Amino acid sequence: MLEEVERWLARRSWSAADRPLDQLLAAKGEAGTTVSVVLPALNEEATVGEIVATIRRELMSEAVPLVDELVVLDSGSTDRTAEVAAAAGARVAHRDEILPRLPALPGKGEVLWRSLLATTGDVVCFVDADLKDFSSDFVSGIVGPLLTDPGVQFVKAMYDRPLGEVAGQGGRVTELVARPLLNLHWPQLAGFVQPLGGEYAARRSLLERLPFPVGYGVELGLLVDALHTVGLDALAQVDVGVRKHRHQDGRALGRMAATIYRTAQVRLARGHLVRPALTQFERTAEGFVPRTYAVDTEERPPMVEIPEYARRRAA
């Protein structure tokens, strides 16, 4: 590990307990900073309600007004995600209704990119909507450095990721793909415990200047681009405990890995894959059957280049 990264780990890695809520509220009030929380959601009716209710109860009360805006951004759910989220107290926005002149592309990054037009906070905090046993530390922990340290621009959550009942075995794409890529090509980012984690917060003034890969490459893309835009010392991470969520099967993880590799490749060469597709094999009664999937190759431009966003910011 680079000496620079060792120093960064000592200087820019914290625990959620390091910043009590009263300290965060005082800093927020003094600076007049506003905080938006965004939950990207696709068919998450089983978990989204409890996440929303916890944030509303613990971080949006009269006594603890840490979060100013809570938005669930629905990306085309076919279950009751929108109804459950609204009943729990979130404002629900639908992907296709934001910036309708641009047809929506499938993918998590597309939803996060459009969320900048659906929110107004100075600090934007993203939280995946499939978390189980959710703690409000996931929000207060990662927005904390942004409220108390003007030098911090981007904060990732770090946590243990169990796989079923086995501790520390989650995050397979992180360990097999993302971490090797970062260590080899962006060694300054080798200190991030969960580079692909879906819980992170950043200043709007940074996010609006970054391109957003539309698919699962968004987390790696934003992290690498944030490093090049504001430098390592403006990045940080906070330990929020344990993250439990729904795990995907091996083929889905393979597609995710291909997308992440492609996102890294574009940032290394600013070129395109010769063949942006991934073939996987599925055993059937007739034997192994190949299934070919497109690898996400689209990215959305920095939001500041979108006229509708510029007009809203100028108003």
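Residues numbered from 1 in each chain as written. Predicted model: local features only at pLDDT ≥ 70, side-chain atom pairs only at ≥ 80, totals over all residues. Heavy atoms only, no water.

### Remarks on the overall build of the protein
Short version of the rule: Each helix corresponds to a stretch of at least 4 residues labelled H or I by DSSP, and each strand to a stretch of at least 2 residues labelled E; elements are numbered beginning at the N terminus. Within these notes, the globule rule equals 2.2 Å times the number of residues to the 0.38 power, and the radius of gyration is based on C-alpha atoms. Only protein chains enter the calculation, and the probe is 1.4 Å; a residue is then buried if its accessible area is under 20% of its type maximum, exposed if over 50%, and partly exposed in between. Here, residues are in contact when the closest pair of their heavy atoms is within 4.5 Å. We get accessible surface area from the Shrake-Rupley algorithm with a probe of 1.4 Å; when it comes to residues, only the shown protein chains can shield them. In this tally Asp and Glu are treated as negative and Lys and Arg as positive; neither His nor the chain ends contributes. Where a charge lies is defined by one atom per residue type, namely NZ (Lys), CZ (Arg), CG (Asp) and CD (Glu).
Looking only at helices and strands, the protein has 11 helices and 14 strands in total. On C-alpha atoms alone, the protein measures out to a radius of gyration of 19 Å, which is about the 20 Å that the 2.2 N^0.38 rule sets for 315 residues. With 315 residues in all, the protein has 52% of them scored as buried. When contacts within the protein are restricted to residue pairs at least 6 apart in sequence, those whose partners lie at least 24 apart make up 74%. Carbon together with sulfur atoms contributes 52% to the accessible area of the protein, which is approximately 13900 Å² in total. In the protein, 36 side chains carry a positive charge and 42 a negative one; their mean positions are 4 Å apart.

### Topic: the sheet that holds strand β5 (residues 123-126)
To keep it simple, the criterion reads: The criterion for strand pairing is that DSSP finds at least two bridges linking the strands in question. All axes here are fitted lines through C-alpha atoms, helices being fitted over the stretch that makes contact, and every angle between N-to-C directions spans 0 to 180 degrees.
Here we have eight strands laid out as an open sheet, ordered β1-β10-β7-β8-β5-β2-β3-β4, and mixed in their pairing. Two strands lie at the open edges of the sheet, namely β1 (13-15) and β4 (91-94), each paired on one side alone. Between one strand and the next, the sheet's axes are offset by a mean angle of 25°, whatever the strand orientation. Its contacts with the sheet place helix α5 (residues 108-118) against β2 (35-41), β3 (69-74), β4, β5 and β8 (200-203), and it is angled at close to 140° to β3.

### Remarks on the environment of Val64
Checked against the element boundaries, Val64 lands in the loop between α3 (48-59) and β3. Take Val64: its relative accessible area is 17%, and that puts it in the buried class. When the C-alpha positions of Val64 and Asp22 are compared, they lie 8.3 Å apart, and in sequence the two are 42 residues distant. Beyond its immediate stretch of four places on either side in the chain, Val64 contacts Leu21, Leu25, Glu58 and Leu59.

### Details of the packing of aromatic side chains
In plain terms, the rule: Stacked, tilted and edge-to-face pairs are distinguished by plane angle, under 30 degrees for stacked and over 60 for edge-to-face with tilted covering the rest, among Phe, Tyr and Trp rings (Trp via its six-membered ring) whose centres lie within 6.5 Å.
In total, this model carries five aromatic pairs according to the counting rule given. A centroid spacing of 5.3 Å and a plane angle of 65° characterise the contact between Phe126 and Tyr200, whose relative ring orientation is edge-to-face. Here Phe126 is found in strand β5, whereas its partner Tyr200 is found in strand β8, with 74 residues between them in sequence. With a relative accessible area of 1%, Tyr200 lands in the buried category. Judged by centre distance (5.8 Å) and plane angle (35°), the ring pair of Phe134 and Phe138 falls under tilted.

### A closer look at helix α9 (residues 218-230)
Note the following rule: For a helix, the expected span equals 1.5 Å multiplied by the number of residues minus one.
An ideal rise of 1.5 Å per residue puts 18 Å on 13 residues; α9 measures up with 18 Å between its terminal C-alpha atoms. Within the sequence span of α9, burial applies to Val218, Glu219, Leu220, Gly221, Leu222, Leu223, Val224, Asp225, Ala226 and Leu227.

### Overview of unusual backbone geometry
Backbone geometry at Leu99 places phi at a positive 55°, although glycine is not the residue there. For Asp133, which is not glycine, the phi torsion reads 50° and is therefore positive. Within the secondary structure, Asp133 sits in the loop between β6 (131-132) and α6 (137-148).

### Structural notes on the pattern of salt bridges
To keep it simple, the criterion reads: Salt bridges are defined by distance alone: a side-chain nitrogen of Lys or Arg within 4 Å of a carboxyl oxygen of Asp or Glu.
According to the stated counting rule, one finds 20 salt bridges in the structure shown. The salt bridge partner of Glu219 is Lys108, with a shortest N-O separation of 2.9 Å. On the criterion of sequence distance, the pair formed by Glu219 in helix α9 and Lys108 in helix α5 is long-range, its members being 111 residues apart. Under the relative-accessibility criterion, Lys108 is labelled buried at 18%. Between Arg313 and Glu208 there is a salt bridge, with its nearest N and O atoms 3.7 Å apart. Of this pair, Arg313 sits in helix α11 (residues 307-314) while Glu208 sits in the loop between α8 (204-207) and β9 (212-213); the two residues are 105 residues apart in sequence, bridging distant segments of the chain.

### So, helix α10 (residues 250-269)
Taking 1.5 Å of rise per residue, 20 residues should cover 28 Å, and α10 covers 28 Å from first to last C-alpha, within 8% of that figure. Among the residues making up α10, those that are buried are Ala252, Leu253, Met256, Ala257, Ala258, Thr259, Ile260, Arg262, Thr263, Ala264, Val266 and Arg267.

### Overview of the packing of α9 against α10
To be explicit about the condition: The cut-offs work like this: below 35 degrees is roughly parallel, past 145 is roughly antiparallel, 65 to 115 is roughly perpendicular, and the gaps in between are oblique. Each crossing is labelled by how the near helix is turned from the far one, with a counterclockwise turn of less than a right angle marking it left-handed and a clockwise turn marking it right-handed. Under the grouping applied here, Gly and all other residues not named as nonpolar or charged are polar, the nonpolar ones being Ala, Val, Leu, Ile, Met, Phe, Trp, Tyr, Cys and Pro and the charged ones Asp, Glu, Lys and Arg.
Between α9 and α10, whose axes approach to 9 Å, the crossing angle comes to 25°. By the angle class used here, α9 and α10 are roughly parallel. α9 and α10 meet at a crossing whose hand is right-handed. Residues Leu220, Gly221, Val224 and Asp225 of α9 form the contact with α10, whose participating residues are Ile260, Thr263, Ala264 and Arg267. Residues belonging to the contact of α9 with α10 are distributed by class as follows: four nonpolar, two polar and two charged.

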